[in-house]
Amino acid sequence: MDAFVIQGGARLRGRVRVNGSKNACLPLMAAALMTDDPVVLTDVPDLRDTRNMASLLESLGCGVQFDGEHHRATLRVKDEGQSLAHYDIVRTMRASVCVLGPLLAKRGVAKVSMPGGCNIGDRPVDLHMRGLRLLGAKIRLEEGYMVAEAPAGGRLHGARVFLGGPYGSTVLGTCNVMSAAALADGTTVIESAACEPEVADLAKMLNAMGANITGAGTPRMTIEGVKNLHSVEHQVIADRIEAGTYIMAAAITNGDVVLDNCPIDALTALIDRLAQVGLEIQPADEDAKSVASDDMRQSIRVGSYRRLNPVHVVTQPHPGFPTDLQAQIMALLCLADGNSLITDKIFPDRFMHVPELSRMGASLIRNGPSVMVSGVRELIGAPVMASDLRASAGLVLAGLVARGTTTVNRVYHIDRGYEKMEVQLQQLGATIQRVEGSA
Ligand code: EPU
């Protein structure tokens, strides 16, 4: 298994382009199951997860031509005979569950493995099932699979669906119910829909395919079902989590970095917290704002001062602070002048990075869903173990600034969600190499 070996201390300088969003791309790819026509996606990140999704779709009779170099995928259903999402694939990528709604909507049947436990905590799918049942699906559990069927005639029906759960709404659950409702008979209203930009991007693409969805990006969405969807070419939104990670890489190394294709409109909570920390985020060029009128694709310049102020961070559903940036901001706050408090309200157990950061000299005290971070003067390089995608990203950030050498083992987690992270960071002047790891 590969590892990253990082010599800490280099100030990052230069320019990188943010890739297309992994979490937007996976449900967009799954939506190709909803039409017989080709679906063309551009800005598709070349990742383990997008490759896995391509394999899953192939196994469901959807041809996928993926040009990783040009970030372009063409997907077209050839055979609707196979509607089984096997455990072997679902266990490697929990997001496979987002084929459930599209399969049910188009084929009237789906058999999808129940996703198992995961490193970031308990991740049930009860809200997905509740929503789809309200649209008329019969869903039973059989030997670890959700076996779902539309009513006689093969079409679901519109309904009022409430998707709020104990930790807020559900992103992929909203994608599943929205996709299913797009081809159902009648009107569906989703209350407490997830407002994440990835949900809005899926709605945008489905509408371009002929669906009739309003309110995406707000807690109430209305979907008027249509009979068919047709072909589309769609550009995937930029990855707000990758952007946030590189913003914090610049911050932690006291660097000066320009990010192109940055979705600042989706990063308000991060930018608010980082302003408190003392970071400067400006349009990259004097007239950049007028050149790039799209706030989801801006060029921004991140500069930082040596002194970092402590802040309190609470993760929440969008537009709150994203749980997917919690590990990265923790790495940054390890070096702030004082005590910060970080609380994860989405995944209260998502703290696998805490003991590893402690091995690098961080001062962290965890109490339930919160971690008190007492700033230290420096972090010290160490071999550390990546346990999930974002925890690993947090450890890489710590390694960039730590004294000496940090080896982040098991970077296959990072390869799930960051395209060639080491190359992006090398381009900014970091001393980071991919090597064959020992663990
Ligand atoms: N939840 C339920 N019941 C459900 C579904 C979710 O109680 O049926 C709970 C979860 O346990 C969690 C909360 O609701 O406490 C939110 O989970 P959500 O369903 O929104 O998560 P997801 O859709 O499975 C996506 C991202 C995650 C990201 C979360 C939260 C994708 C492919 N994954 O997961 O991304 O952390 O939303 O924003 O979009 C990552 O990229 O590293 C990652 C884990």
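Here, the structure is the one placed above.
Residues numbered from 1 in each chain as written. Predicted model: local features only at pLDDT ≥ 70, side-chain atom pairs only at ≥ 80, totals over all residues. Heavy atoms only, no water.

**Brief notes about the overall build of the protein**
Next up, step 1: Helix and strand content of the protein: 15 helices and 24 strands.
Next up, step 2: Taken against the 2.2 N^0.38 rule, which gives 22 Å for 439 residues, the C-alpha radius of gyration of the protein at 22 Å falls within 12% of a compact globule.
Next up, step 3: Considered along the principal axes of its C-alpha atoms, the protein spans approximately 65 × 50 × 40 Å.
Next up, step 4: A burial count over the protein gives 58% of its 439 residues as buried.
Next up, step 5: Once local pairs closer than 6 in sequence are excluded, the contacts in the protein between residues at least 24 apart make up 75%.
Next up, step 6: Here the protein has roughly 16700 Å² of accessible surface; of this, 49% comes from carbon and sulfur atoms.
Next up, step 7: For the protein, the separation between the mean place of its 43 positive charges and that of its 47 negative charges on side chains is 3 Å. (Helix = DSSP H or I, 4+ residues; strand = E, 2+ residues; numbered from the N terminus. Rg over C-alpha atoms; globule rule 2.2 N^0.38 Å. Buried < 20%, exposed > 50% of the residue type's maximum accessible area, 1.4 Å probe, protein only. Contact = heavy atoms within 4.5 Å. Areas by Shrake-Rupley, 256 points an atom, 1.4 Å probe, with all protein chains shown as cover. Lys, Arg positive; Asp, Glu negative; His and termini not counted. Charge placed at Lys NZ, Arg CZ, Asp CG, Glu CD.)

**Here we look at the site of the ligand**
Next up, step 1: The full set close to the ligand counts 24 residues, and Asp126, Leu127, Thr170, Asp324 and Ile346 are the nearest of them.
Next up, step 2: One of the side-chain nitrogen or oxygen atoms of Arg123 is found 3.0 Å away from an oxygen atom of the ligand.
Next up, step 3: Here an oxygen atom of the ligand sits 2.8 Å away from a polar atom, N or O, in the main chain of Leu172.
Next up, step 4: Taking 820 Å² as the accessible area of the ligand by itself, protein coverage stands at 94%. (Near = heavy atom within 4 Å. Polar contact = N/O pair within 3.5 Å; in protein donor to acceptor, adjacent residues only side chain to side chain.)

**What to know about helix H9 (residues 268-277)**
Next up, step 1: Within H9 the residues assigned to the buried category are Ala269, Leu270, Arg273, Leu274 and Val277. Around the axis of H9, the buried residues are gathered within 125° of arc, so they sit on the same side.
Next up, step 2: Elements in contact with the buried residues of H9: helix H8 (240-252), strand E16 (279-283), strand E18 (312-315) and helix H11 (326-333).
Next up, step 3: Gly278 sits one or two residues past H9 and shows a positive phi near 115°. (Arc of directions from axis to C-beta.)

**Thoughts on the sheet that holds strand E8 (residues 138-142)**
Next up, step 1: Pairing in this open sheet of 4 strands is mixed, and the strands run E6-E7-E9-E8 from one edge to the other. Looking at the sheet topology across the chains shown, the edges are occupied by strand E6 (84-85) and E8.
Next up, step 2: Note that E6 and strand E7 (residues 109-113) share 2 bridges and pair parallel. If you follow Ala85 over to E7, its bridge partner there is Val112. (Pairing = 2+ DSSP bridges.)

**A word on a nonpolar patch on the surface**
Next up, step 1: Together, Leu341, Ile365 and Met372 line one region of the surface with nonpolar side chains, adding up to about 250 Å² of accessible area.
Next up, step 2: On the basis of relative accessibility, which here comes to 54%, the residue Ile365 falls in the exposed class. (Patch = residues over 30% accessible without salt bridge, like charges linked within 9 Å, V, L, I, M, F, W, Y side chains within 5 Å. Salt bridge = Lys/Arg side-chain N within 4 Å of Asp/Glu carboxyl O.)

**Section: the nonpolar core**
Next up, step 1: Of all hydrophobic cores here, the largest spans 81 residues; its most connected members are Leu75, Val99, Met178 and Leu206.
Next up, step 2: Of the residues forming this core, the biggest block, 7 residues, is contributed by helix H6 (residues 171-182).
Next up, step 3: When sequence neighbours within four positions are dropped, the list of residues in contact with Leu206 reads Ala31, Met34, Met178, Ser179, Ala211, Ile213 and Leu229.
Next up, step 4: Core analysis: the next-biggest nonpolar cluster, separate from the first, contains 69 residues, Leu12, Val277, Leu279 and Ile329 among them. (Core = buried A, V, L, I, M, F, W, Y, C linked by side-chain atoms within 4.5 Å.)

**What about the packing of aromatic side chains?**
Next up, step 1: A full pass over the atoms with the stated rule returns 0 aromatic pairs.
Next up, step 2: A cation over a ring is seen here: Lys111 above Tyr145, with NZ or CZ 5.2 Å from the ring centre. (Phe/Tyr/Trp six-rings, centres within 6.5 Å; stacked < 30°, edge-to-face > 60°. Lys NZ or Arg CZ within 6 Å of the ring centre and 35° of its normal.)

**Structural notes on the pattern of salt bridges**
Next up, step 1: Summed over all chains, the structure comprises 26 salt bridges.
Next up, step 2: Here the residues in one salt-bridge network are Asp2, Asp415, Glu422 and Arg434, joined through shared partners.

**A few points about H11**
Note on helix geometry: an α-helix contains 3.6 residues per turn, so any two residues three or four positions apart are oriented the same way.
Next up, step 1: Most of H11 sits out of view: 8 of its 8 residues are buried.
Next up, step 2: Within H11 the residues assigned to the buried category are Gln326, Ala327, Gln328, Ile329, Met330, Ala331, Leu332 and Leu333.

**A closer look at the environment of Val435**
Next up, step 1: Here Val435 is to be found in strand E24 (residues 431-436).
Next up, step 2: With 434 residues separating them in the primary sequence, Val435 and Met1 have C-alpha atoms 8.7 Å apart.

**Examining the pairing of strand E4 (residues 62-67)**
When a strand is regular, its side chains alternate between the sheet's two faces.
Next up, step 1: As paired strands, E4 and strand E5 (residues 72-77) are joined by 6 bridges and run antiparallel to one another. Across the sheet, residue Asp67 finds its bridge partner in E5, namely Arg72.
Next up, step 2: As consecutive antiparallel partners, E4 and E5 are separated by 4 residues, and within that stretch His71 has a phi angle of approximately 55°, a positive value.

**Points about the environment of Ile139**
Next up, step 1: Tracing the chain through its elements places Ile139 in strand E8.
Next up, step 2: The exposure class assigned to Ile139 is buried, which follows from its relative accessible area of 10%.
Next up, step 3: Between the alpha carbons of Ile139 and Glu233 there is a distance of 33 Å; along the sequence they are 94 residues apart.

**Topic: the pairing of E7**
Next up, step 1: Relative to strand E9 (residues 145-149), E7 is paired through 5 bridges, and the arrangement is antiparallel. Considered in E9, the bridge of Lys111 is made with Val147.

**Topic: the side chain of Thr35**
Next up, step 1: Inspection of the secondary structure puts Thr35 in the loop between helix H1 (22-30) and strand E3 (39-42).
Next up, step 2: By relative accessible area, which is 1% here, Thr35 ends up buried.
Next up, step 3: Within the structure, the side chain of Thr35 is placed 3.0 Å from the backbone nitrogen of Asp37, a separation counted as a polar contact.
Next up, step 4: A polar side-chain atom of Thr35 sits 2.9 Å from the main-chain carbonyl oxygen of Leu229.
Next up, step 5: Ignoring sequence-local partners within four residues, the contact set of Thr35 consists of Val77, Lys106, Met209, Leu229, His230 and Ser231.

**Points about the sheet that holds strand E22 (residues 383-385)**
Next up, step 1: Read from one edge to the other, the open sheet built from 4 strands follows the order E22-E23-E1-E24, with strand pairing classed as mixed. Each of the sheet's edge strands pairs with one partner strand only, and the pair in question is E22 and E24. Taking the axes of each pair of neighbouring strands and ignoring which way they run, one obtains an average angle of 25° across the sheet.
Next up, step 2: Summarising the sheet, strand E1 (residues 2-7) and E24 pair through 6 bridges and their orientation is antiparallel. The residue bridging Phe4 from the neighbouring strand is Arg434, located in E24.
Next up, step 3: Against the sheet, helix H13 (residues 389-401) engages E1, E22, strand E23 (405-409) and E24, with an angle of about 30° to E1. (Axes fitted to C-alpha atoms, helices over the stretch in contact; angles between N-to-C directions.)

Purely geometric numbers; function is a separate question.
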